[in-house]
Amino acid sequence: EAQVTQNPRYLITVTGKKLTVTCSQNMNHEYMSWYRQDPGLGLRQIYYSMNVEVTDKGDVPEGYKVSRKEKRNFPLILESPSPNQTSLYFCASTSSREMGYSYNSPLHFGNGTRLTVT
Amino acid sequence: GQQLNQSPQSMFIQEGEDVSMNCTSSSIFNTWLWYKQDPGEGPVLLIALYKAGELTSNGRLTAQFGITRKDSFLNISASIPSDVGIYFCAGPEYGGATNKLIFGTGTLLAVQP
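An account of the accompanying structure is given in this report. Just so we're clear, the structure is a prediction, and the values are computed from it rather than from any experiment. (Residues numbered from 1 in each chain as written. Chains lettered and ligands numbered in written order. Predicted model: local features only at pLDDT ≥ 70, side-chain atom pairs only at ≥ 80, totals over all residues. Heavy atoms only, no water.)

### A few points about the nonpolar core
In terms of nonpolar packing, the biggest core is built from 22 residues, with Trp32, Trp34, Leu74 and Leu109 of chain B touching the most fellow members. Going through the elements one at a time, strand S2 (10–14), strand S3 (19–25), strand S4 (32–37), strand S5 (43–49), strand S7 (61–65), strand S8 (71–76), strand S9 (85–92) and strand S11 (107–112) of chain B are the ones with two or more residues in this core. Val4, Ile46, Val60 and Cys91 of chain A belong to the second-largest nonpolar core, a separate cluster that totals 19 residues. (Core = buried A, V, L, I, M, F, W, Y, C linked by side-chain atoms within 4.5 Å. Buried < 20%, exposed > 50% of the residue type's maximum accessible area, 1.4 Å probe, protein only. Helix = DSSP H or I, 4+ residues; strand = E, 2+ residues; numbered from the N terminus.)

See below:
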């Protein structure tokens, strides 16, 4: 089954303790992206990657890191989490040719990771 | 960057009612997308619109690409409980990088059986 898998689904941590949220897709997609979802703000892009070893900042990259060493994986790293990073996080992927703009190649989202930083 | 504002922020309706929501931008968009997020899941693409004035349906859902290219509308007819969720509009950034979609603020829909 074609899917984007995020882990963990839920995570509670303390300020400053480094964490990684993993994301893996089995559709051979070139493009992958991370979003955070906050009430009233919708989905905001954190980082994206057009292909292996190619990453770029989205709209809210501060406090986050990513890496793209393999095509299928795109982990999100919080080196020193803070309470304002408490949010619902989504990983997504698509074919870079269509960029998620069409029915043939929509953005495929994972089921989300709910992060709480105390 | 560009922003997409959705209205209303939330709606609480009775089963069987029709629903209307909209999405507005301060800038022109060449493509409008509508996604739905079911509770506990990631968003899923419902409808894609590619030219001004276009009207597209997907079952009980109908979306329109506004003539000004700065807005889009989504209607749901005869709502049912499984319509519950958050609806997002989205569009590719215009005039800048084309590597990302801008998402709206979302409309939360609750349907009372």
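After that view, the rundown keeps rolling.
### Here we look at the sheet that holds strand S7 (residues 65–66) of chain A
Residues and elements named next belong to chain A. The strand order across the open sheet formed by four strands is S1-S3-S8-S7, and the pairing between neighbours is antiparallel. Whereas interior strands pair on both sides, the edge strands pair on one side only; in this sheet they are strand S1 (4–7) and S7. Bridge analysis of S7 against strand S8 (residues 76–78) gives two bridges, and the strand direction is antiparallel. For Val66, the partnering residue across the bridge sits in S8 and is Leu76. (Pairing = 2+ DSSP bridges.)

### Structural notes on the state of the cysteines
All names here are of chain B. Using the criterion set out here, one finds two disulfides over all chains in the structure. Note on cysteine connectivity: Cys23 is disulfide-linked to Cys89, with sulfurs 1.9 Å apart. As the torsion about the S-S bond is roughly 60°, the Cys23-Cys89 disulfide counts as right-handed. Placement of the pair is Cys23 in strand S3 and Cys89 in strand S9, with a sequence separation of 66 residues. Residue classification places Cys89 among the buried positions, given a relative accessible area of 0%. (Disulfide = S-S within 2.5 Å.)

### Digging into the environment of Arg114 of chain A
All names here are of chain A. Tracing the backbone through its elements, the reader meets Arg114 in strand S13 (residues 113–117). Spatially, the C-alpha atom of Arg114 lies 16 Å from that of Tyr64, the residues being 50 residues apart in sequence. When neighbours within four sequence positions are excluded, Arg114 is seen to be in contact with Arg9, Tyr10, Leu11, Ser87 and Leu88. (Contact = heavy atoms within 4.5 Å.)

### Some words on the interface of chain A and chain B
Listed by partner, the interface residues are 25 residues for chain A and 26 residues for chain B. Of the roughly 2,000 Å² buried between chain A and chain B, counting both surfaces, carbon and sulfur atoms make up 54%. The largest per-residue losses of area from chain A upon contact with chain B belong to Leu43, Tyr101 and Tyr103 of chain A, which jointly make up 35% of the total buried on that side. Counting across the interface, chain A meets chain B through zero salt bridges. Broken down by secondary-structure element, the contributors of at least two residues to the side of chain A that touches chain B are strand S4 (31–38), strand S5 (42–51), strand S9 (87–94) and strand S10 (101–102) of chain A. With five residues, S5 of chain A is the largest single contributor of residues to the side of chain A that touches chain B. Looking at the side of chain A that touches chain B residue by residue, the classes come out as 14 nonpolar, nine polar and two charged. (Buried area = accessible area lost by both parts, 1.4 Å probe. Salt bridge = Lys/Arg side-chain N within 4 Å of Asp/Glu carboxyl O. Nonpolar A, V, L, I, M, F, W, Y, C, P; charged D, E, K, R; others polar.)

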